[in-house]
2 protein chains.
Amino acid sequence: MQLPKLASAIRKGDRAALAKGITVAENDPSRASALMRALGPPTNSFVVGVTGPPGTGKSTLVDKLIGSYRKMGLKVGVVAVDPTSPLTGGALLGDRIRMTAHTGDRNVYIRSMASRGWTGGLSRAATDAIRLMDAAGFDIIFLETVGIGQSDIEVVGVSHAVLVVLMPGLGDDIQVSKAGLMEVGDVYVVNKSDLEGADPMVVSILSLFRGASRSPPVLKASALSGEGTEKLLGAIEAVRARFVSGEEALRLRSVRGMIVETARGAAMAKFAAVSERGADSLARRVVKGELTIEAAAAKLAP
Amino acid sequence: MQLPKLASAIRKGDRAALAKGITVAENDPSRASALMRALGPPTNSFVVGVTGPPGTGKSTLVDKLIGSYRKMGLKVGVVAVDPTSPLTGGALLGDRIRMTAHTGDRNVYIRSMASRGWTGGLSRAATDAIRLMDAAGFDIIFLETVGIGQSDIEVVGVSHAVLVVLMPGLGDDIQVSKAGLMEVGDVYVVNKSDLEGADPMVVSILSLFRGASRSPPVLKASALSGEGTEKLLGAIEAVRARFVSGEEALRLRSVRGMIVETARGAAMAKFAAVSERGADSLARRVVKGELTIEAAAAKLAP
């Protein structure tokens, strides 16, 4: 399908066209860029980034929130960013086993995106997917990432609100990772609140914001039992109210994130293309003593 | 201290100079680059990347391996890459609480490096730290990263051997993350082998390599009890034997990784400098409808 036609089908809410558009975003950066230009800037979707360490129940929580938004009559999209492997050939945690509660609901669209190589590329593709869902008329878009690496955290910069999902009893390594999450959250939730240690976890998160310039809400919830999820929805809705009322700072933040991710994707793609070509022969010259590592690196990224 | 003087002190094995050099690598990319040029290419250190999901006991295992290498009379360095937070102000898991068994041993040098912002920057700084330790005469250098994000995994590309540390009972999210680890390992170890599920974990890792072009060793160990760590050491030593005998492919691989990480660091630093300056005002112009996101991104990363 030609891009203007594809863009117009997406704008009419055609699911097959949306799926095709996201596949273009994943696999063909230059066509994706043309498609995005055809779509124009984001309009009405409220984007909720959801991040946190592995195993904290992010998907289950998102599933619950989808249900709440569906009851309000809103269309909900999900972009789930999965780290994957070339060896195993794609997303292990595919759309199939995620959020099965909403299969068959035409007003819910869930897409897993695989990280193939450069993080910059994934970031850009996820940003494009959000813009495609926005064009297709989704009211709420969840962007779910595993929040461990700095780059995973940066992905949520395109959101209007960021939900950080934690749980009781996270180990030492996770404590550290969690720290990287402390800047990005608008709402913090300790999920699996039925487990021992939920209250101390809340206290420890609150203590991280002591003396800080901001104090985001820190809540407890159990996605499985549903306890606390109403309150969580309320906290997200409080941010959405600001978005709906047209608060410029919120719109600027998301657009800024989209510009940065798009630019970073382009910068990384350019660098990756160069490095694939040149690195092997440069390494040989360094080992032979003909070049320093610095000179070789300068040839790779001039 | 002037850089040539610093470089020469590092080459003499002066620990204070080494510490200073690594601090330069962390905080001052352009001085670091000059220092690296003064040092020249890496010479004799065997670099072992150690990666895996959080909580698998990487540090404890490295601690054990340090002990083994010290018994062999070798000097051991460790570069531990920690994700951290500007809010909390630096590495939470600092050198102090890591591998305390070797404090006071002048032939062991352990340094934690904090991820402040761009992953590219951290990668480059870790690469520099390895080159500094190499110049200071360390025989074995462990590079420890939390292997979740793609970028964390790429960091170990500078190693001669990569050890992937897993454990029994990793959850679904971790299974996925683990997948990203399946390409990089030369040796796989299921640590905490006293826990239930160690054997099935070994079987499931082995099954991932069924039909693949390579079949790296997959071992069980318990860093705490010491069980299986001899065998693990043997598997690493098998790779080191190839390095010591001068196998060119191994040297090329590490040098190639160093060139790529150095170049990527430079590319990301350039991009970060640009994006810091321009993104806010570009976002305002996009929101006003004066620019597309694509045009704004192109201004950011031309």
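Residues numbered from 1 in each chain as written. Chains lettered and ligands numbered in written order. Predicted model: local features only at pLDDT ≥ 70, side-chain atom pairs only at ≥ 80, totals over all residues.

Considering the overall build of chain A
Within chain A, the secondary structure is distributed over 11 helices and 7 strands. Relative to its full complement of 302 residues, chain A shows a buried share of 56%. (Helix = DSSP H or I, 4+ residues; strand = E, 2+ residues; numbered from the N terminus. Buried ≥ 20, exposed ≤ 12 C-beta atoms within 10 Å, placed from the backbone.)

Quick notes on the packing of helix H2 (residues 15-27) of chain A against helix H3 (residues 29-39) of chain A
All names here are of chain A. With their axes 6 Å apart at the nearest point, H2 and H3 run at an angle of 130° to one another. The orientation of H2 with respect to H3, classified from their angle, is oblique. Read as a crossing pair, H2 and H3 show a hand that is left-handed. Mapping the contact onto sequence places Gly 21, Val 24 and Ala 25 in H2 and Arg 31, Ala 32 and Leu 35 in H3. Partitioned by chemical class, the residues of the contact of H2 with H3 number 4 nonpolar, 1 polar and 1 charged. (Axes fitted to C-alpha atoms, helices over the stretch in contact; angles between N-to-C directions. Parallel < 35°, antiparallel > 145°, perpendicular 65-115°, else oblique. Left-handed = near helix turned anticlockwise from the far one by under 90°. Contact = placed C-beta atoms within 7 Å. Nonpolar A, V, L, I, M, F, W, Y, C, P; charged D, E, K, R; others polar.)

Side note on the pairing of strand S5 (residues 161-166) of chain A
Residues and elements named next belong to chain A. Within S5, 6 of the 6 residues are buried, leaving the element largely enclosed by the surrounding structure. Residues Ala 161, Leu 163 and Val 165 of S5 are buried on one face, and the alternating residues Val 162, Val 164 and Leu 166, pointing to the opposite face, are buried as well. In terms of strand pairing, strand S1 (residues 46-52) meets S5 through 4 bridges, oriented parallel. Considered in S5, the bridge of Gly 49 is made with Val 162. Bridging between S5 and strand S6 (residues 187-190) involves 4 bridges; their strand directions are parallel. By the bridge assignment for S6, Leu 166 is matched with Val 190. (Pairing = 2+ DSSP bridges.)

Description of unusual backbone geometry
Residue and element names in this part refer to chain A. A positive phi is found at Lys 192, a non-glycine position, where the angle reads about 60°. Counting through the fold element by element, Lys 192 comes out in the loop between S6 and helix H8 (198-208). A residue is classified by how many C-beta atoms lie within 10 Å of it, and Lys 192, with 24 of them, is buried.

Quick notes on helix H11 (residues 293-300) of chain B
Ile 293, Glu 294, Ala 296, Ala 297 and Leu 300 of chain B are the residues of H11 of chain B that are buried. Seen from one end, H11 of chain B has its buried residues packed into an arc of 160°, which puts them on one side. (Arc of directions from axis to C-beta.)

Observations concerning the confidence of the model for chain A
Residues and elements named next belong to chain A. In this model, chain A carries an average pLDDT of 83, and 83% of its residues clear a pLDDT of 70 or more. Considering each helix and strand of chain A separately, the mean pLDDT is smallest for helix H7 (residues 172-181), with a value of 54, and largest for helix H9 (residues 229-244), with 97. Scored below 50 in pLDDT, residues 84-97 shows 37 contacts in the model against residues more than four places distant or in partner chains. In the predicted assembly, ipTM is 0.82 and pTM is 0.73. (pLDDT = per-residue confidence, 0-100.)

Examining the environment of Gly 40 of chain A
Residues and elements named next belong to chain A. Following the sequence through the fold, Gly 40 ends up in the loop between H3 and S1. Since 15 C-beta atoms lie within 10 Å of it, Gly 40 is described here as partly exposed. Taking the C-alpha atoms as reference points, Gly 40 and Arg 131, 91 residues apart in sequence, are found 8.7 Å from one another.

Things to note about H9 of chain A
All names here are of chain A. With 16 residues, H9 should reach 22 Å at 1.5 Å per residue; the first-to-last C-alpha distance of 22 Å fits that figure. All of the buried residues along H9 are Thr 229, Leu 232, Ile 236 and Val 239. Of the surrounding secondary structure, the elements contacted by the buried residues of H9 are S1, helix H4 (58-71), S5, S6 and strand S7 (218-220). (Expected span 1.5 Å × (residues − 1).)

Quick notes on the packing of helix H1 (residues 3-11) of chain A against H3 of chain A
Between two packed helices, both the angle of their axes relative to each other and the distance between the axes serve to describe the pair. Residue and element names in this part refer to chain A. Viewed as axis vectors pointing N to C, H1 and H3 meet at an angle of 55°, and their least axial separation amounts to 9 Å. Looking at the two axes, H1 sits oblique to H3. At the point where H1 passes H3, the crossing takes the right-handed sense. For the pair H1 and H3, contact is made by Leu 3, Pro 4, Leu 6 and Ala 7 and by Arg 31, Ala 34, Leu 35, Ala 38 and Leu 39, respectively. Per-class residue counts for the contact of H1 with H3 are 8 nonpolar, no polar and 1 charged.

Focus: the environment of Leu 143 of chain B
All names here are of chain B. Residue placement: Leu 143 occurs in strand S4 (residues 140-146). Residue class for Leu 143 comes out buried when judged on the 27 C-beta atoms lying within 10 Å of it. Separated by 13 residues in sequence, Leu 143 and Ile 130 have C-alpha atoms that sit 8.0 Å apart.

Describing the environment of Ala 295 of chain B
If you trace the backbone, Ala 295 of chain B turns up in helix H11. Once the C-alpha coordinates of Ala 295 of chain B and Leu 282 of chain B are considered, the two residues, 13 residues apart in sequence, prove to be 9.4 Å apart.

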